[in-house]
Amino acid sequence: MEENMKFATVEDTVEYRLFLIPDKPGDPEERREILQKYIERIMTQFAPMLVPYIWQNQPFNLRYKPGKGNVPAHIFGITKFGDNIEDEWFIVYIVKQITKEFPELVARIEDNDGEFLLIEAADFLPKWLDPDNSANRVFFHQGELCIIPAPKKSGTVSWLPTTPPTISQALSIISTHPEKILASESVRAAVNRRIRGYPEKIKASLHQAHCFLPAGIAAVLKQRPRLVAAGVQAFYLRDPIDLRACRIFKTFLPETRIMTSVTFTKCLYAQLVQQRFVPDRRSGYKLPPPCHPQYRAHELGMKLAHGFEILCSKCSPHFSDSKKSLVTTSPLWAGFLESLKKNDYFKGLMEGSVQYQERLEMAKNYFQLSVNRPESSHAMSPGEEILTLLQTVQFDIEELKKEEAYLPPEDDERWLDLSPDQLDQLLQEAAGKKEPEPTSKGREENYDLTQVSESMKAFISKVSTHKGAELPREPSEAPITFDADSFLNYFDKILGSKSHESDSDDLDEEDSECLDSDDDLDLETQEPGEEASVKGTLDDLKSYMAQMDQELAHTSLAKSFTTQKQMEPLSQTTNDNSEEEDSGTGGSVMTPVDVDLNLVSNILESYSSQAGLAGPASNLLQSMGVQLPDNDDHRPTSWHN
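We now turn to the structure provided with this report. Remember, predicted model here, so these are calculated numbers, not experimental data. (Residues numbered from 1 in each chain as written. Predicted model: local features only at pLDDT ≥ 70, side-chain atom pairs only at ≥ 80, totals over all residues. Heavy atoms only, no water.)

A few words now on the overall build of the protein. A count of helices and strands for the protein gives 27 helices and eight strands. Burial statistics for the protein: of 641 residues in total, 38% are counted as buried. Of the roughly 38100 Å² that the protein leaves accessible, carbon and sulfur atoms contribute 51%. (Helix = DSSP H or I, 4+ residues; strand = E, 2+ residues; numbered from the N terminus. Buried < 20%, exposed > 50% of the residue type's maximum accessible area, 1.4 Å probe, protein only. Areas by Shrake-Rupley, 256 points an atom, 1.4 Å probe, with all protein chains shown as cover.)

The following block contains the structure:
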């Protein structure tokens, strides 16, 4: 495990590690103290972003991890992001910023899918990089994505190992050659595009809605807004056993309900809204008619109340009080609080004021979950936390009801409904492509079908391997040239007179490099016997093609293709090409097939037969950046040169 750093195996989990460079041997206790101070500095500096953030399952957290094997002591964190993938990318942003603020730290991040940063930039990776050799190559250093390269040949670069590096080797390379391991601009752009907009993007990911809730839940959420995630998850993942506790409510009585404003993430709000649920009649939670203007608020409050009741029902009536005092007794708390004050976390609020106490409670909770995270056996569950808050927080139901008149307006929830055009735009953005321009009626009439033929030609001219064909990335990209003589010469080396020299089906490294580049295939270096063999092969191929043309000329196959219009008189064409046409076809002239016209006609016929649904023609063209207009008249389409 230490050699290849196989990371998260739990579903929807991301792991991140911060290493100190240069990695100098020293006293383990001294190393621990240094890394612990880094944890305090990091969590304090990024507290303004992390404290108010609502996590789907688990928060961003850091703790010291001792060295083992070839993995030195480092800072470690693990977060289960669940259904909200934005939590994972927010962590990527945080880790990237940490290495920018602390240049002596190098970060490594993976999830249960492996190198998900490489997956995001898959269209721009070098061809040598694949899942088999990517271990311990991808890091963040000084705020930039770095990929440790592999040498083309063994021993050509002394500081690069021929096999995937160990963590110690990787840290040494980053420390000594930081300028040579920077990922390409296109790879970095692909990752940066995914985390673009943070930290402002955090606010855009929230949704504020009115909920008709029991006063106890309203008071709890006012103190710990992040507990809304636990409540939604408890309701969303409920089972019949959980619902037994909701037949008759014991903690959150329906008679205490008030109207309040709750802040969700968009993911949590969608999970709560989209589920249909009818409460048990015995619960006392009755909903107004769907036409009622506050029906949505009553429905959201009812679902959230069920989630909180489920959380509390899983707690023992007398859970350990020792869990309540872990924060203030920690030796790290005093230093952490002092650092918060130095970083102006309290915004000049008077100590002891209501707002100061609210921010202090949020800081304690943040410290408990992220900095001084206890072992699972001592950690307080969400239900225990809710019951503890109900015992300590003072609230007046009548005062909360008076606040109903001053609630902030609800956010628009039109983002829940996605139109086909918006979906196409999201898919285009996810693929890293520019948004297609809307096609007006006039442009449809003047649509240039040569785009179809040119794109197909560019696709055909691409070199493909056993891993599949590559699509052209840009329409303007020059097609790869194909030298038929060099191609036949290469296979003559393998299958021809020298085939007995190799008893393996696998190509060595030098042969593979020959396939990747046409420049390496130089006919001038051929021996006379080899050149004669290639010429004979080409002559045989031309002879076969001539015989095939002669046989097909007497069939009806030619009628299935559209031929080019002859621009010159038949007699002149026959005289000019007499040598080529003297092949025993009875003096008839074979008109060349219009390849472009047949290609476009067949694609349009296939596209039309899809009837607006997904199919091979539309998928292939869209992957090459070609978007055909809709077929409004449903008539056979003709194409004119």
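Picking up after the structure, the text goes on.
In this section: the nonpolar core. In terms of nonpolar packing, the biggest core is built from 63 residues, with Phe60, Phe90, Ile109 and Leu117 touching the most fellow members. Looking at this core element by element, the count peaks at eight residues for helix α3 (residues 85-101). Once you skip the residues sitting within four places of it in the chain, Leu117 turns out to touch Trp89, Val92, Ile109, Val138, Phe140, Leu145 and Val191. Residues Tyr269, Leu311, Ile386 and Leu387 belong to the second largest nonpolar core, which totals 39 residues. (Core = buried A, V, L, I, M, F, W, Y, C linked by side-chain atoms within 4.5 Å. Contact = heavy atoms within 4.5 Å.)

Further remarks concern the pattern of salt bridges. Scanning all chains against the criterion turns up 17 salt bridges. A salt bridge links Asp242 to Lys314, with the shortest nitrogen-to-oxygen separation between them at 3.7 Å. Of this pair, Asp242 sits in helix α10 (residues 240-244) while Lys314 sits in the loop between α12 (295-313) and α13 (326-329); the two residues are 72 residues apart in sequence, bridging distant segments of the chain. The salt bridge involving Lys364 is made with Glu361; its shortest N-O contact spans 4.0 Å. Placement of the pair is Lys364 and Glu361 together in helix α15 (residues 354-371), with a separation of three residues, close to one helical turn. The class of Glu361 is partly exposed, set by a relative accessible area of 22%. (Salt bridge = Lys/Arg side-chain N within 4 Å of Asp/Glu carboxyl O.)

Time to look at helix α9 (residues 227-236). With nine of 10 residues buried, α9 is to be regarded as a mostly interior element. Buried within α9 are the following residues: Leu227, Val228, Ala229, Ala230, Gly231, Val232, Gln233, Ala234 and Phe235. Buried residues in α9 make contact with α8 (215-223), β8 (257-265), α11 (266-274), α12 and α16 (382-392).

With that settled, the discussion passes to the pairing of strand β5 (residues 138-141). On β5, burial covers both faces: Val138 and Phe140 on one face and Phe139 and His141 on the other are all buried. Pairing of strand β4 (residues 105-111) with β5 involves two bridges; the strand directions are antiparallel. Directly across from Val106, in β5, lies its bridge partner His141. Pairing of β5 with strand β6 (residues 144-147) involves four bridges; the strand directions are antiparallel. Looking at the pairing, Val138 lines up with Ile147 of β6. In this structure, the hairpin formed by β5 and β6 is closed by a connection of two residues, where Gln142 is found at a positive phi of approximately 55°. (Pairing = 2+ DSSP bridges.)

Let us look at the sheet that holds β4. Here we have six strands laid out as an open sheet, ordered β2-β3-β1-β4-β5-β6, and antiparallel in their pairing. Of all the strands in the sheet, the pair left with one neighbour each is β2 (63-65) and β6. Put simply, the sheet's adjacent strands are angled 35° from each other on average, direction ignored. Against the sheet, α3 engages β1 (13-20), β3 (74-80), β4 and β5, with an angle of about 165° to β4. Helix-sheet contacts for helix α6 (residues 185-194) involve β5 and β6, and the interaxial angle to β6 is about 130°. (Axes fitted to C-alpha atoms, helices over the stretch in contact; angles between N-to-C directions.)

We now examine unusual backbone geometry. Here Ile21 and Pro22 are connected by a cis peptide whose omega angle stands at -5°. With respect to the helices, strands and loops of the structure, Pro22 is situated in the loop between β1 and α1 (28-45). Residue Pro199 is reached from Tyr198 by a cis peptide bond, and omega for that bond is 5°. When you line up the elements, Pro199 lands in the loop between α6 and α7 (200-204). Of note in the backbone geometry, Asn136 takes a positive phi value of approximately 60° without being a glycine. On the secondary structure map, Asn136 appears in the loop between α4 (116-120) and β5. On the basis of relative accessible area, Asn136 is assigned to the buried category, the value being 0%. In this structure, Gln142 takes a positive phi of about 55° despite not being glycine. Here Gln142 is to be found in the loop between β5 and β6. Residue class for Gln142 comes out partly exposed when judged on its relative accessible area of 48%.

So, about the packing of aromatic side chains. Per the stated rule, a full pass over the model turns up 15 aromatic pairs. The interplanar angle of 75° and the centroid separation of 6.0 Å between the aromatic rings of Tyr38 and Phe102 together place this pair among those described as edge-to-face. Residue Tyr38 is found in helix α1, and its partner Phe102 is found in the loop between α3 and β4; the two are separated by 64 residues along the sequence. The interplanar angle of 40° and the centroid separation of 5.4 Å between the aromatic rings of Phe90 and Tyr198 together place this pair among those described as tilted. With Phe90 in helix α3 and Tyr198 in the loop between α6 and α7, the pair connects residues that are 108 residues apart, well separated along the chain. Using a relative accessible area of 0% as the deciding quantity, one classes Phe90 as buried. An aromatic cluster is built from Tyr53, Trp55, Phe90, Tyr93 and Tyr198, whose rings are joined through pairwise contacts. (Phe/Tyr/Trp six-rings, centres within 6.5 Å; stacked < 30°, edge-to-face > 60°.)

Taken by themselves, the reported measurements are silent on function.
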